[in-house]
Amino acid sequence: FQPVRPGKVGIYLCGPTVYKAPHIGHMVGPVIFDAVKRYLQYKGFEVTWVVNITDVDDKLIDAAARLSTSVQMLAEKYTQEYLDVLAGLGVDTIDKFPKASEHMQEIIDLCSTLIAKDHAYAADGNVWFDVKHDADYGKLSNRRVEDQESGLRTLEGAGKKNAADFALWKSAKPGEPAWDSPWGSGRPGWHIECSAMSMKYLGPTFDIHGGGMDLMFPHHENELAQSECATGQTFAKYWLHNGLTRIKTKLAGGELANEKMSGSIGNVVSARELIEQHGPDLLRYLLLSTHYRSPIDFSPEVLASSKKGLATFVRLMERVQRLSGQSWADKSPDMDQAAGSLLETEHAGFARAILALKMKWLEMMDDDFNTAGAIAVLHEMAGEINAFIEKNQVEQKKTPDLLGALVAAVASLRNLGMVLGLFRSSVAGVALKESALESDLMTLLIKLRAEARTGKNFALADGIRKGLTDIGVTLEDRADGTIWRKE
């Protein structure tokens, strides 16, 4: 990875067209690029991340007419919902949210530049990009103009020269939002909006352009063509296309198949409801457990598997917090800081194992932001830590050297997870605030159960165990006492 400017990175991610409530598919890109930005910052880069809001578009106009409201009111409503969902998921590293409606001058100027350079032409109040005047058109998606034209209706649109030409500016129809321009009252096409906004905030050439795989053609292909024709420079150095979200859908014949999640199909799952039901950590964990270029399958089974995977870390952190008496709100030295002293002790092997796994985690992230591989390494690290607890009987001994090594290892795990945006809410927030009271209550219940067993009141003892099991708490009787953990 070589950025345009040493030490600085510009990222542009295509944001939503705000005509409906955001579903979980809309969150894939933001969660992935939030992790990408966090990792680049972790590596020492200064990162500027821009996500646009498309608030001028055919879909918005149609939806507003159908709901008997204005385009502006509808756009404002769903823009706020989108921002609320991002906040709910902890996606808080986006630097700018430019709106198309607030960048009309930049859009008009870009159209004028393309006309002046003979890459676009005006006709009947519209401005069209002339694909035949761009020798590189199709290089991103590897499509030939001839192939595209064969699938289009001939010269669709007023004044088009070629079937594959696309609109930069559209003549306004009665009742539609419109702005004055050199070609008459009208509004921008979808593609030109992103070119104008990305280049305004990141320059004519920036580092990373992201978006869903379904945007590669025509949206990104057209963005690329018009931008490079206007500037004569490379538009984006790296294109990162994330896989689409798929959900199990019952087909006409009754069989189940994974289909793309889409509002037009009607198989979407509300992002807001999922956050309320499952919390942000689980959803982030689910979305990052697949390599970003691969499709993400969303189903009750996948949710259950992600919940089980995330619970491994929650249980471990709660266990270590209970043993050490330290809150994770307090910054503890991680293994990088503690290894110097540990390498001189009998715990040197453990310290080296944790540091080796950290290096493996870095290798995963350096290999095309492989968050799925990075999470798998975190599971390896959790396994190493749990094995250390059992092998050294930390639950019973609780000596300062054992606890020091243990806390340092978990601090390393949690710090790496937080680079991905994990472990920030359920572990670092609510669970930790309640942990002291929770621990005291469990100590009391375990004591009452022990007294019941001593008094041969087995019905009460069994009732306490069953009641705890019903609420997700498991008791484990050992020779040195009873311990508990959350499932």
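About the thresholds
- Residues numbered from 1 in each chain as written.
- Predicted model: local features only at pLDDT ≥ 70, side-chain atom pairs only at ≥ 80, totals over all residues.
- Heavy atoms only, no water.
- Helix = DSSP H or I, 4+ residues; strand = E, 2+ residues; numbered from the N terminus.
- Expected span 1.5 Å × (residues − 1).
- Buried < 20%, exposed > 50% of the residue type's maximum accessible area, 1.4 Å probe, protein only.
- Contact = heavy atoms within 4.5 Å.
- Salt bridge = Lys/Arg side-chain N within 4 Å of Asp/Glu carboxyl O.
- Pairing = 2+ DSSP bridges.
- Axes fitted to C-alpha atoms, helices over the stretch in contact; angles between N-to-C directions.
- Right-handed = clockwise from strand over helix to strand, strands pointing away.
- Phe/Tyr/Trp six-rings, centres within 6.5 Å; stacked < 30°, edge-to-face > 60°.
- Core = buried A, V, L, I, M, F, W, Y, C linked by side-chain atoms within 4.5 Å.
- Parallel < 35°, antiparallel > 145°, perpendicular 65-115°, else oblique.
- Nonpolar A, V, L, I, M, F, W, Y, C, P; charged D, E, K, R; others polar.

### Quick notes on helix 12 (residues 348-366)
Under the 1.5 Å per step criterion, the end-to-end length of helix 12 is 27 Å for 19 residues, consistent within 8% with the ideal 27 Å. Taken together, the buried positions of helix 12 are A348, F350, A351, I354, L357, K358, W361, L362 and M365. For helix 12, the elements touching its buried residues are helix 1 (28-42), helix 11 (335-342), helix 13 (371-391) and helix 15 (400-419). Phi turns positive, to about 60 degrees, at D368, one or two residues after helix 12.

### Considerations on the pattern of salt bridges
Per the stated rule, a full pass over the model turns up 23 salt bridges. Close ionic contact of R187 with E176 constitutes a salt bridge, the shortest N to O distance being 3.1 Å. One end of the pair, R187, is in strand 6 (residues 186-188); the other, E176, is in the loop between strand 5 (166-171) and strand 6, and eleven residues separate them in sequence. Comparing R187 with E176, the two get one shared label, buried. Note that K358 is salt-bridged to D336, the shortest N-O span being 2.4 Å. Residue K358 is found in helix 12, and its partner D336 is found in helix 11; the two are separated by 22 residues along the sequence.

### Points about the sheet that holds strand 5
Strand order in this open sheet of four strands is 3-4-5-6, and the pairing throughout is antiparallel. The open sheet has two edge strands with one neighbour each: strand 3 (120-123) and strand 6. Adjacent strand axes in the sheet meet at a mean angle of 20 degrees when their direction is disregarded. By the bridge criterion, three bridges tie strand 4 (residues 126-129) to strand 5 in an arrangement that is antiparallel. Considered in strand 5, the bridge of W128 is made with A167. In the packing of helix 4 (residues 104-116) onto the sheet, the strands contacted are strand 3, strand 4, strand 5 and strand 6, and the crossing angle to strand 5 comes to about 120 degrees.

### A word on unusual backbone geometry
A cis amide bond links F217 to the next residue, P218, at an omega of 5 degrees. With respect to the element layout, P218 can be found in helix 7 (residues 216-231). Phi at Q393 is positive, roughly 50 degrees, even though this residue is not glycine. As for its placement among the helices and strands, Q393 is situated in the loop between helix 13 and helix 14 (394-397).

### Looking at the sheet that holds strand 2 (residues 46-51)
The parallel open sheet is built from four strands, whose spatial order is 2-1-7-8. Bordering the open sheet on either side are strand 2 and strand 8 (236-242), each of which pairs with just one other strand. Each adjacent strand pair in this sheet contributes to an overall mean axis angle of 20 degrees, direction not counted. In this structure, strand 7 (residues 206-212) lies alongside strand 8, joined through six bridges in parallel fashion. Bridge pairing links I208 to Y238 in strand 8.

### Points about the pairing of strand 1 (residues 8-13)
With respect to burial, strand 1 is a largely interior element, five of its six residues being buried. In the sheet, strand 1 pairs with strand 2 via six bridges, with the strands oriented parallel. From the neighbouring strand, Y12 faces strand 2, where its bridge partner is V50. With helix 1 bridging strand 1 and its parallel neighbour strand 2, the resulting β-α-β unit is right-handed. Bridging between strand 1 and strand 7 involves three bridges; their strand directions are parallel. By the bridge assignment for strand 7, L13 is matched with G210.

### Quick notes on the packing of aromatic side chains
Under the definition given, this model contains 14 aromatic pairs. With a centroid separation of 6.4 Å and an interplanar angle of 55 degrees, the aromatic rings of Y12 and F206 are classed as tilted. Of this pair, Y12 sits in strand 1 while F206 is found in strand 7, placing the two residues 194 residues apart along the sequence. Of the residues examined, F206 reaches a relative accessible area of 1% and is grouped as buried. Ring centres 6.4 Å apart and planes at 90 degrees place the aromatic pair Y39 and F369 in the edge-to-face group. Separated by 330 residues along the polypeptide, Y39 in helix 1 and F369 in the loop between helix 12 and helix 13 bring together distant segments of the chain. Considered together, Y39 and F369 belong to a single accessibility category, that of buried residues. Taken together, the aromatic side chains of Y12, F206, F235 and W239 make up a single cluster linked through ring pairs.

### Some words on the nonpolar core
Grouped together as the largest cluster of nonpolar side chains are 92 residues, with contacts concentrated most on I11, M27, F33, W361, I385, L413 and L420. Ranked by the residues each element gives to this core, the list is headed by helix 15, at eleven residues. Ignoring anything within four residues of it in the chain, the contact list for L420 reads A35, R38, R284, L288, W361, M365, T371, A374 and I375.

### As for the packing of helix 2 (residues 58-66) against helix 3 (residues 71-88)
Look at helix 2 against helix 3: their axes get within 9 Å of each other, and the N-to-C directions meet at 105 degrees. Taken as axis vectors, helix 2 and helix 3 run roughly perpendicular relative to one another. Contacts between helix 2 and helix 3 involve L60, I61, A63 and A64 from the former and V71, L74 and A75 from the latter. Residues of the contact of helix 2 with helix 3, tallied by class, amount to seven nonpolar, no polar and no charged.

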